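Report on the structure
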Amino acid sequence: MRYEIRVDGEMTETLAKAFPELDHVVMSGCTILFGLVVDEAHLYGLLARCQSFGLRVLEMRQMPE
């Protein structure tokens, strides 16, 4: 499953490295993390990681394969 997670604000490169399994792009005042998520546990782990870094998740969606 491919997912896109949009977070508020521009993540630094250092912070983006906390999500090594995802690519990222910064645009219009937000950061979009995207890539392969292997299962629900991985997805919830990513969300927990966002929370632990104080990132505000604006949107999350599954992308077409």
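Note that the structure is predicted; figures quoted are calculated from it, not measured.

It is worth spelling out the pattern of salt bridges at this point. As enumerated under the stated definition, the model contains five salt bridges in all. Between arginine 61 and glutamate 4 there is a salt bridge whose closest N-O contact spans 3.4 Å. Within this pair, whereas arginine 61 is found in strand S4 (residues 57-63), its partner glutamate 4 is found in strand S1 (residues 2-8), the two being separated by 57 residues in sequence. Residues glutamate 21 and arginine 49 are paired through a salt bridge, measuring 3.0 Å at the closest nitrogen-oxygen approach.

As a further point, take the pairing of strand S3 (residues 30-36). Of all seven residues that make up S3, five are buried, and the element is covered over most of its length. Relative to S3, S1 runs antiparallel, the two sharing seven bridges. Following the sheet pairing, tyrosine 3 is matched in S3 by glycine 35. Looking at chain direction, strand S2 (residues 23-27) and S3 are connected through five bridges and run antiparallel.

Moving on to the sheet that holds S4. With antiparallel pairing, the four strands of this open sheet are ordered in space as S2-S3-S1-S4. The open sheet has two edge strands with one neighbour each: S2 and S4. Sheet twist, expressed as the mean angle between neighbouring strand axes with direction ignored, is 15°. Relative to the sheet, helix H2 (residues 40-52) contacts S1, S3 and S4, its axis offset from that of S4 by approximately 160°.

About the thresholds
- Residues numbered from 1 in each chain as written.
- Predicted model: local features only at pLDDT ≥ 70, side-chain atom pairs only at ≥ 80, totals over all residues.
- Heavy atoms only, no water.
- Salt bridge = Lys/Arg side-chain N within 4 Å of Asp/Glu carboxyl O.
- Helix = DSSP H or I, 4+ residues; strand = E, 2+ residues; numbered from the N terminus.
- Buried < 20%, exposed > 50% of the residue type's maximum accessible area, 1.4 Å probe, protein only.
- Pairing = 2+ DSSP bridges.
- Axes fitted to C-alpha atoms, helices over the stretch in contact; angles between N-to-C directions.
- Contact = heavy atoms within 4.5 Å.

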